[in-house]
Amino acid sequence: MISAALADGTAHRPCVFEVFARRLPSGRRYGVVGGTGRLLERLADFRFSEEEIAVVADSLDERTVEWLRNFRFTGDIDGYREGELYFPGSPVLSVRGGFAECVVLETLVLSVFNHDSAIAAAAARMTSAARGRRIIEMGSRRTHEEAAVAAARASYLAGFHSTSNIEATRRHGVPSAGTSAHSFTLLHTGPDGTDEAAAFRSQVATLGVGTTLLVDTFDITAGVATAIEVAGTDLGGVRIDSGDLGVLARQVRDQLDGLGARGTRIVVSGDLDEYAIAALRAEPVDVYGVGTRLVTGSGAPTAGMVYKLVDVDGIPVAKRSTHKESLPGAKRAVRLHRSSGTAVEEVLFPASGTAPEEPGLQQRELMIPLLRGGEPVPGLPTLEQSREHHAAVMVTLPWEGLALSDGDPAVPVRALAPGR
């Protein structure tokens, strides 16, 4: 496309591309914008090296090779704040610039937004189901090594408290947490069989009594008794990773209380998702460890976002293919709220126009400037600020929007035609 556009003179025509999802994944009533911060980091050094150009140089003319050699994005980008909610049709990102420099970003933009938004939405549902109880992200071993770092960041954005992936701590400042594995207990097997106490003594001696001991390698009741015998009643926590977690949590809580360890937390893990977390709400669980169902497609189905050209030289354009239509024209968006703060509607209107007045409802502008002339706008929200923003906007959802059952999007989206 770039080669042909450079040849016919259209490569630099001013264009607007928008990122949106035509629909939400089945069973979802809202989406969560994730990946904005990661995208901006990558755009800062998005260049083509000579080694990279060499891969495609034999299929391109010299003009295109030179264009790649000198490429840097010089356009403007606006978008929804990271952590914001979105619904079908929400223009979560608007990219403006010459055709060639905008179209070359498509794969980067969509790979970041589709992955991180899918993880963030799944994490938001789990956080909502947990109702204030802590969740540790533990999905690194179930996904690609780079996706694992991004997933840890996106889940923290949406309310998780920490991650077992310390690369996410290094890159993004996500708090780290974790427990030992069964292999550490099995390591301490002696000639006469297992020695769970030796494993616990080693962990406590090194990490202190505030640590969390994994008690289900052999027999949970015996494991809990041994843990308290070794660490005392000030033990920080015990983790259960298998079995009927609800039944086991009740039994372990009774046992811990009977031993005088009333402050010892119970951590549960093992293929948890929002449905399992909701089912455990009545049980004495203090912390959830979530992995597989967060980072895989079954738990975090793709956000289904697309990157479509909507404006060329100020002229609205649109794709009309059946079931894959796009709304023409560059847009802005406001969300309308009752005085109580509950969101009732999202309105899309032409970017050159003004938001419609709706008596009795409060308007909240959704799009903020992110890049100007290819450079990040000063004062963009940090990950911590985006996390706080996400928590605030979750409160604005109508109560039915928090349901885990199938249903319509929690907030309807209305698009005003160009010229209105």
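Before reading further, recall that the structure is shown in the block above.
Since the model is a prediction, treat every value here as computed from it, not as a measurement. (Residues numbered from 1 in each chain as written. Predicted model: local features only at pLDDT ≥ 70, side-chain atom pairs only at ≥ 80, totals over all residues. Heavy atoms only, no water.)

Novice: Whenever I open this one, the overall build of the chain confuses me. Can you help?
Specialist: Along the chain, the regular secondary structure elements total 15 helices and 19 strands. Taken along the three principal axes of its C-alpha coordinates, the chain extends 80 × 60 × 40 Å. Out of the 420 residues in the chain, the part that is buried amounts to 50%. Residue pairs at least 24 apart in sequence account for 71% of intrachain contacts in the chain once pairs closer than 6 positions are excluded. Of the accessible surface of the chain, which amounts to about 18,700 Å², a share of 52% is contributed by carbon and sulfur atoms. Computed over 43 positive and 52 negative side-chain charges, the separation of the two mean positions in the chain equals 5 Å. (Helix = DSSP H or I, 4+ residues; strand = E, 2+ residues; numbered from the N terminus. Buried < 20%, exposed > 50% of the residue type's maximum accessible area, 1.4 Å probe, protein only. Contact = heavy atoms within 4.5 Å. Areas by Shrake-Rupley, 256 points an atom, 1.4 Å probe, with all protein chains shown as cover. Lys, Arg positive; Asp, Glu negative; His and termini not counted. Charge placed at Lys NZ, Arg CZ, Asp CG, Glu CD.)

Novice: Honestly, empty space enclosed by the protein in this entry has me stumped. Any pointers?
Specialist: Summary: where empty space remains is shown by rolling a probe the size of a single water molecule over the atoms. Scanning the model with the defined rule gives one cavity of 30 Å³ or more in all. The calculated volume of the largest cavity comes to roughly 50 Å³. Every residue along the wall of the largest cavity is listed here: Leu24, Pro25, Arg28, Tyr30, Gly31, Tyr86, Ser117, Ala118, Ala121, Pro301 and Ala303. Considering every element that reaches the lining of the largest cavity, the biggest residue donor is helix α6 (residues 106-130), with three residues. (1 Å grid on protein atoms, 1.4 Å probe; cavity = no way out; pocket = protein on both sides within 12 Å on 5 of 7 lines; lining within 4 Å. Points joined across faces, edges and corners; volume = space filled by probe spheres on them.)

Novice: So what exactly am I meant to see when it comes to the pairing of strand β15 (residues 343-350) here?
Specialist: Residues in a regular strand point their side chains to alternate faces of the sheet. By the criterion of burial, β15 is predominantly enclosed, with seven of the eight residues buried. Across seven bridges, the pairing between strand β14 (residues 331-337) and β15 is antiparallel. Within β15, the position partnered with lysine 331 by the bridge is proline 350. Counting the residues between successive antiparallel strands, the hairpin from β14 to β15 contains five residues, one of them, glycine 341, with a positive phi of roughly 100°. (Pairing = 2+ DSSP bridges.)

Novice: Explain the pattern of salt bridges here, please?
Specialist: Between side chains of opposite charge, pairing is possible as soon as their charged atoms come close. The full count for this structure, using the stated rule, is 27 salt bridges. A salt bridge links glutamate 62 to arginine 69; its shortest N-O distance comes to 3.8 Å. On the basis of relative accessible area, glutamate 62 is assigned to the exposed category, the value being 53%. Looking at arginine 69, the relative accessible area reads 33%, which means it is partly exposed. Among the ionic pairs, arginine 69 bridges to glutamate 66, the shortest N-O distance being 2.8 Å. A residue pair is termed a helical-turn pair when its members lie 3 or 4 positions apart in one helix, as arginine 69 and glutamate 66 do in helix α4 (residues 62-69) at three residues. By relative accessible area, glutamate 66 is classed as partly exposed at 33%. When salt bridges that share partners are traced, they join Glu50, Glu62, Glu66 and Arg69 into one network. (Salt bridge = Lys/Arg side-chain N within 4 Å of Asp/Glu carboxyl O.)

Novice: Sorry if this is basic, but what is going on with the nonpolar core here?
Specialist: Most often, soluble globular proteins keep nonpolar side chains buried together rather than apart. Grouped together as the largest cluster of nonpolar side chains are 61 residues, with contacts concentrated most on Ile240, Val268, Ile277, Tyr288, Val290 and Leu294. Tallying contributions element by element places α6 first for this core, with ten residues. Setting aside chain neighbours within four positions, we find isoleucine 240 in contact with Val215, Asp216, Ile220, Leu245, Leu248, Ala249, Val252, Ile266, Val267, Val268 and Ser269. Grouped together as the second largest cluster of nonpolar side chains are 47 residues, Phe46, Phe71, Ile77 and Val92 included. (Core = buried A, V, L, I, M, F, W, Y, C linked by side-chain atoms within 4.5 Å.)

Novice: Any chance you could explain the environment of arginine 38 here in plain terms?
Specialist: Here arginine 38 lies in helix α2 (residues 36-44). Remark: the alpha-carbon pair of arginine 38 and histidine 188, spanning 150 residues in sequence, is separated by 42 Å. Setting aside residues no more than four positions away along its own chain, arginine 38 makes contact with Val112, His115, Asp116, Ala150, Arg153 and His172.

Novice: I would appreciate a short explanation of the packing of aromatic side chains in the present structure.
Specialist: Within the structure shown, the criterion is met by six aromatic pairs. Ring centres 6.1 Å apart and planes at 40° place the aromatic pair phenylalanine 17 and phenylalanine 99 in the tilted group. One end of the pair, phenylalanine 17, is in strand β1 (residues 14-21); the other, phenylalanine 99, is in helix α5 (residues 99-103), and 82 residues separate them in sequence. The residues phenylalanine 17 and phenylalanine 99 share a single accessibility class, namely buried. A ring pair is formed by phenylalanine 46 and phenylalanine 71, whose centres lie 5.9 Å apart and whose planes are at 85°; its orientation type is edge-to-face. Separated by 25 residues along the polypeptide, phenylalanine 46 in the loop between α2 and α3 (50-56) and phenylalanine 71 in the loop between α4 and β3 (76-80) bring together distant segments of the chain. Here phenylalanine 46 matches phenylalanine 71 in class, with each residue buried. By the ring-pair criterion, three or more aromatic residues cluster together here, those being Phe46, Phe48, Trp67 and Phe71. (Phe/Tyr/Trp six-rings, centres within 6.5 Å; stacked < 30°, edge-to-face > 60°.)

Novice: Looking at this structure, how should I read the state of the cysteines?
Specialist: Scanning the model with the defined rule gives zero disulfides in all. No disulfide involves cysteine 15; its sulfur sits 6.6 Å from the nearest other cysteine sulfur, which is in cysteine 102. Residue cysteine 102 is classed as buried on the basis of its relative accessible area of 0%. (Disulfide = S-S within 2.5 Å.)

Novice: How do you make sense of α4 when you look at a structure like this?
Specialist: Turn by turn, an α-helix covers 3.6 residues, leaving residues three or four places apart pointing in a common direction. Where α4 is concerned, the buried positions are Thr64, Val65, Trp67 and Leu68. Buried residues of α4 fall within an arc of 160° about the axis and therefore sit on the same side. On the buried face of α4, the contacting elements are α1 (2-8), α3 and α5. N-capping of α4 is provided by aspartate 61, with a side-chain oxygen placed 3.0 Å from the backbone N of arginine 63. (Arc of directions from axis to C-beta. Polar contact = N/O pair within 3.5 Å; in protein donor to acceptor, adjacent residues only side chain to side chain.)

Novice: Would you take a moment to explain the environment of arginine 29 for this structure?
Specialist: Counting through the fold element by element, arginine 29 comes out in the loop between β1 and β2 (31-32). Distance from arginine 29 to valine 317, taken between C-alpha atoms, is 29 Å for residues 288 residues apart in sequence. Filtering out sequence-adjacent residues up to four positions away, arginine 29 remains in contact with Leu24, Phe87, Glu400, Gly401, Ala403, Ser405, Asp406, Gly407, Asp408, Pro409 and Ala410. A distance of 3.1 Å separates the side chain of arginine 29 from the side chain of serine 405, its partner in a polar contact. In this structure the side chain of arginine 29 is engaged in a polar contact, spanning 2.7 Å, whose partner is the backbone oxygen of aspartate 406.

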